[in-house]
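Residue-level structural notes
In case you want the letters, here they are:
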Amino acid sequence: ARLAAARGDEAERARLAAAALEAAPGLAAAQREGAKERLEAEILDEAKELVDVALALSPRDLEALALRERLKGEGSSDEGPA
């Protein structure tokens, strides 16, 4: 779903997201929570990837949208805290 969203293929994103959420209803929330944990640990690239997955699964998730905005303000890095 994330790759389809990145390509701008909304129909494919929606189809894949529906299948993923049917198989694992809490998947989007788990991705969002993982992103919060990575953001707090300052592991920004992983946080961004998890937010992207959460939003591909649930594009109107307000918490995930807010996390994406926070990450835009933080920049990105592969490193954890210094």
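In case you missed it, the structure is sitting above this.
What comes next is a walk through the structure. For clarity, every value in this text was computed on a predicted model and none was experimentally measured.

Of regular secondary structure, the protein chain possesses 5 helices and 0 strands. Along the chain direction, N to C, the helices and strands of the protein chain fall in the order α-α-α-α-α. The C-alpha atoms of the protein chain give 13 Å as radius of gyration, which agrees with the globular expectation for 82 residues (12 Å, within 12%). Here the C-alpha coordinates of the protein chain stretch approximately 40 × 25 × 20 Å along the principal axes. Counting every position in the protein chain, which comprises 82 residues, the buried fraction comes to 27%. Considering only intrachain contacts with a sequence separation of at least 6, the fraction spanning at least 24 residues in the protein chain is 59%. Approximately 5,200 Å² of the protein chain is accessible, and the part contributed by carbon and sulfur atoms is 51%. Charge-centre separation for the protein chain: the mean point of 12 positive side chains lies 6 Å from the mean point of 18 negative side chains.

All right, on to the environment of L44 then. The residue L44 is located in helix α4 (residues 44–57) in this model. Classification of L44 by relative accessible area gives buried; the value is 9%. Measuring from C-alpha to C-alpha, the distance between L44 and L71 comes to 7.1 Å, with 27 residues separating the pair along the chain.

This part takes up the nonpolar core. Ranked by size, the top nonpolar core spans 11 residues in total: A35, L39, L44, A47, L50, V51, A54, L55, A64, L67 and L71. Every element with two or more residues in this core is listed here: α3 (27–40), α4 and α5 (62–74). Once residues lying within four places of it in the same chain are set aside, the contact partners of A54 are A28, Q31, R32 and A64.

Inspection of the entire model under this criterion finds 11 salt bridges. Via salt bridges that share partners, R32, E33, K36, D61 and E63 belong to a single interconnected network.

Once that is clear, we can look at the side chain of Q31. Within the fold, Q31 resides in helix α3. Among residues more than four places away in sequence, those in contact with Q31 are L50, V53, A54 and L57.

Inspection of the secondary structure puts R32 in helix α3. By relative accessible area, R32 is classed as buried at 13%. If we ignore the near neighbours within four places in the chain, the residues touching R32 are A54, D61, E63, A64 and L67.

Conventions and cut-offs
Residues numbered from 1 in each chain as written. Predicted model: local features only at pLDDT ≥ 70, side-chain atom pairs only at ≥ 80, totals over all residues. Heavy atoms only, no water. Helix = DSSP H or I, 4+ residues; strand = E, 2+ residues; numbered from the N terminus. Rg over C-alpha atoms; globule rule 2.2 N^0.38 Å. Buried < 20%, exposed > 50% of the residue type's maximum accessible area, 1.4 Å probe, protein only. Contact = heavy atoms within 4.5 Å. Areas by Shrake-Rupley, 256 points an atom, 1.4 Å probe, with all protein chains shown as cover. Lys, Arg positive; Asp, Glu negative; His and termini not counted. Charge placed at Lys NZ, Arg CZ, Asp CG, Glu CD. Core = buried A, V, L, I, M, F, W, Y, C linked by side-chain atoms within 4.5 Å. Salt bridge = Lys/Arg side-chain N within 4 Å of Asp/Glu carboxyl O.

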